[in-house]
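Residues per chain are reported as follows:
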Amino acid sequence: MSIYENTLKRLEEIKDLIIEKGESENKVDEVFQILKIPQRIIKVNLPLRKDNGKLEIYEGYRVQHNNFLGPYKGGIRYLLQVDEDEIKTLALLMTLKCALVNLPLGGAKGGIKVDPKALSENELEKLSREYVRKIYDFIGPDKDIPAPDINTNSKIMDWMVDEYLKIKGEKKEVFKAAFTGKSLENDGIEGREEATGKGGEIILEALIKKLGLKKPLTVAIQGFGNVGYNVAKFLYKRGYKIIAITDSKAGIYSKNGLNPEMMIIWKKEKGSFDDYKISKSNSEYKIKNEEIFNLEVDVLIPAAIENVITGNNANNIKSKIILEMANNPLTEEAEKILDSRGILIVPDILANVGGVIVSYFEMLQNIEGKRWSKEKVFKELTNILENTFQEVWQISKKFNTNFRKASLFLAVKRIYKRYLELGSY
Ligand code: GLU
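Rules and cut-offs
Residues numbered from 1 in each chain as written. Predicted model: local features only at pLDDT ≥ 70, side-chain atom pairs only at ≥ 80, totals over all residues. Heavy atoms only, no water. Core = buried A, V, L, I, M, F, W, Y, C linked by side-chain atoms within 4.5 Å. Buried < 20%, exposed > 50% of the residue type's maximum accessible area, 1.4 Å probe, protein only. Helix = DSSP H or I, 4+ residues; strand = E, 2+ residues; numbered from the N terminus. Pairing = 2+ DSSP bridges. Axes fitted to C-alpha atoms, helices over the stretch in contact; angles between N-to-C directions. Contact = heavy atoms within 4.5 Å. Phe/Tyr/Trp six-rings, centres within 6.5 Å; stacked < 30°, edge-to-face > 60°. Lys NZ or Arg CZ within 6 Å of the ring centre and 35° of its normal. Parallel < 35°, antiparallel > 145°, perpendicular 65-115°, else oblique. Nonpolar A, V, L, I, M, F, W, Y, C, P; charged D, E, K, R; others polar. Salt bridge = Lys/Arg side-chain N within 4 Å of Asp/Glu carboxyl O. Near = heavy atom within 4 Å. Polar contact = N/O pair within 3.5 Å; in protein donor to acceptor, adjacent residues only side chain to side chain. Areas by Shrake-Rupley, 256 points an atom, 1.4 Å probe, with all protein chains shown as cover. Expected span 1.5 Å × (residues − 1).

## Remarks on the nonpolar core
Within the largest apolar cluster, 91 residues are counted, with the highest numbers of intra-cluster contacts made by Leu11, Leu96, Phe273, Ile301, Leu323 and Phe361. With 10 residues, the single largest contributor to this core is helix 14 (residues 403-422). Listed in part, the 27 residues of the second largest apolar core include Ile42, Leu124, Ile135 and Ile139.

## As for the sheet that holds strand 12 (residues 344-346)
Ordered in space as 9-8-7-6-10-11-12, the seven strands form an open sheet in which the pairing is mixed. One side of each edge strand has no neighbouring strand; the edge strands of this open sheet are strand 9 (284-287) and strand 12. Strand-to-strand twist in this sheet, taken as the mean axis angle between neighbours without regard to direction, amounts to 20 degrees. Relative to strand 10 (residues 299-302), strand 6 (residues 218-222) runs parallel, the two being bridged by four bridges. Counterpart to Ile221 in the pairing with strand 10 is Ile301. Against the sheet, helix 7 (residues 195-211) contacts strand 10, strand 11 (321-323) and strand 12, and its axis sits at roughly 160 degrees relative to strand 11.

## What to know about the packing of aromatic side chains
Tallied over the entire structure, the rule returns 14 aromatic pairs. Their ring planes at 80 degrees and their centres at 4.9 Å tell us that Phe399 and Phe409 sit as a pair that is edge-to-face. With a gap of 10 residues between them, Phe399 in the loop between helix 13 (374-398) and helix 14 and Phe409 in helix 14 connect regions that are remote in the sequence. Look at Phe399 and you get buried, because its relative accessible area is 14%. Members of the aromatic cluster, connected to one another through ring pairs, are Phe224, Tyr229, Trp266, Phe273 and Tyr276. The positively charged end of Lys270 is found above the aromatic ring belonging to Trp266, 5.2 Å away from the centroid. Sitting above the plane of the Trp372 ring, Lys376 keeps its charged end 4.4 Å from the centroid.

## Quick word on the packing of helix 8 (residues 226-237) against helix 9 (residues 260-270)
The contact between helix 8 and helix 9 brings their axes to 9 Å, and the two run at 155 degrees. Judged on the interaxial angle alone, helix 9 and helix 8 are roughly antiparallel. Here Tyr229, Ala232, Lys233 and Tyr236 of helix 8 lie close against helix 9, whose contacting residues are Pro260, Glu261 and Ile264. Here the contact of helix 8 with helix 9 is composed, by residue class, of five nonpolar, no polar and two charged.

## Focus: the pattern of salt bridges
Side chains that carry opposite charge are capable of pairing whenever their charged atoms lie near each other. The full count for this structure, using the stated rule, is 41 salt bridges. For Asp149, the salt bridge is made with Lys109, and the minimal N-O distance between the two is 2.9 Å. One end of the pair, Asp149, is in the loop between strand 5 (144-148) and helix 6 (154-168); the other, Lys109, is in strand 4 (residues 107-112), with 40 residues separating them in the sequence. What you see here is one network of salt bridges that share partners, running through Glu125, Arg129, Glu130, Arg133, Lys134, Asp162, Glu163 and Lys166.

## Quick look at unusual backbone geometry
For the bond from Lys215 to Pro216, the omega torsion is 5 degrees, close enough to zero to count as cis. Counting through the fold element by element, Pro216 comes out in the loop between helix 7 and strand 6. Of note, the phi angle at Ser283 is positive, near 50 degrees, even though the residue is not glycine. Locating Ser283 in the fold gives a position in the loop between helix 9 and strand 9. Even without glycine at this site, Asn328 takes up a positive phi of about 55 degrees. Inspection of the secondary structure assignment puts Asn328 in the loop between strand 11 and helix 10 (332-340).

## A look at the site of the ligand
The full set close to the ligand counts 14 residues, and Lys73, Lys97, Pro148, Asp149 and Ser359 are the nearest of them. Lys73 places a polar side-chain atom, nitrogen or oxygen, 2.8 Å from an oxygen atom of the ligand. Lys109 places a polar side-chain atom, nitrogen or oxygen, 3.0 Å from an oxygen atom of the ligand. Calculation on the ligand without its partners gives an accessible area of 290 Å², and the protein chains cover 95% of this total. Elements with a minimum of two residues in the shell around the ligand: strand 3 (72-78), helix 4 (84-100), strand 5 and helix 12 (354-368). Its residues assigned to classes, the shell around the ligand comprises four nonpolar, five polar and five charged.

## Points about the sheet that holds strand 2 (residues 55-66)
Spatially, the five strands line up as an open sheet ordered 1-2-4-3-5, and their pairing is mixed. In this open sheet, the two strands that pair with only one neighbour each are strand 1 (40-49) and strand 5. Direction aside, the axes of adjacent strands within the sheet are offset by 20 degrees on average.

## Regarding helix 1 (residues 3-12)
Among the 10 residues that make up helix 1, seven are buried, leaving the element largely enclosed by the rest of the structure. Inspection of helix 1 places Ile3, Tyr4, Asn6, Thr7, Leu8, Arg10 and Leu11 among the buried residues, and these make up the whole buried set. In this structure, the buried side of helix 1 is in contact with helix 2 (15-20), helix 3 (25-35), strand 2, helix 4, helix 10 and helix 14.

## Section: helix 6
Across its 15 residues, helix 6 extends 20 Å between first and last C-alpha, which sits within 8% of the 21 Å expected from 1.5 Å per residue. Those residues of helix 6 lying buried are Ile156, Met157, Asp158, Trp159, Met160, Val161, Glu163, Tyr164 and Leu165. Here the buried face of helix 6 lies against strand 3, helix 5 (121-135) and strand 5. Measuring from the side-chain oxygen of the N-cap residue of helix 6 to the backbone nitrogen of Lys155 gives 3.2 Å; that N-cap residue is Asn153. The positive-phi residue at the C-terminal boundary of helix 6 is Gly169, with phi of around 70 degrees.

So this is what it looks like as structure tokens:
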């Protein structure tokens, strides 16, 4: 099953719930028909003159899934595994994320099939600018607003927005809202880089409070990019014990706990944990990547890419909670197994929605020409996420269903209501 089909299957499962709760079967059917297909798929070919003089052509995508609630919104990733199926899935998830937290935004996603580590900085800049030239007509503050995702960052957003403004011939700050996740010097917002991780912390804190779990709770984190590192940092500060971290090459375990600030120094310097020097005094040892899924921990956090927990390893998992900081880290089959084993899953559209919320604040800041402090950003983020968590919790109790279904229910219900108001087609 492709990951898109996998996600559609999950969506399909809540259709009956919406009908059961008194909505018109015909209209609900229509909304599902619409949500199952993206509104627009843009595929671009991006020629790049490499530093060695050779020309190479890279494949890029922007999928605009749905804009009933507002302009399309979503990140751009640079990854070799990028293809249409992946970007379609992530665009659909963006529609659902924005709807879940009631943002006036729709869903989109973009990507380039490339290993950015294999490019020089000059090549990376040229490729990023070429991507903007190819999708330019379809983006803008009132159309579609890209942002960072895996392997993209504020530097790349700065190049992109610069290219966008150059073509547009505009200097006004409001057009900077065409991209979010920009650097602070370029009208970005405080806390954007940390926002996805911060959101994970806020949701997990709300959950353990409801469950009455006492700290120190142990945590294992798969993936140590922007999201993995930041969630580790915030949880560590809150008194959680981070006992294992992996990156794409290797993993480190310590029953005494790891300090994410020390780990990130190593990671930044050496690029990976491949030849990490273990500390014997901290009882550290190396683990294989896959072993992260076998550990006895309270909270397991997949924070990298899709489909890492499958029917093959779901039975090995021994955590009480899975906090999905990555998008779509579990297959459908894995989820069924974990559900039947009573493992609580906090779905991606709730756990990692902090990033797009702060992106929205960045747009507001650009449009209003004001500056938000980090305190204000995190306070507003906390308000939205705590309220959303309460809603999801209540729906899951009321309908006796898991958090994923409760979150999907709330998101689709909002899109459905908007569809009725629009009276389109
Ligand atoms: N890439 C992030 C996500 O998957 C953020 C998207 C945004 O800020 O638009 O949610």
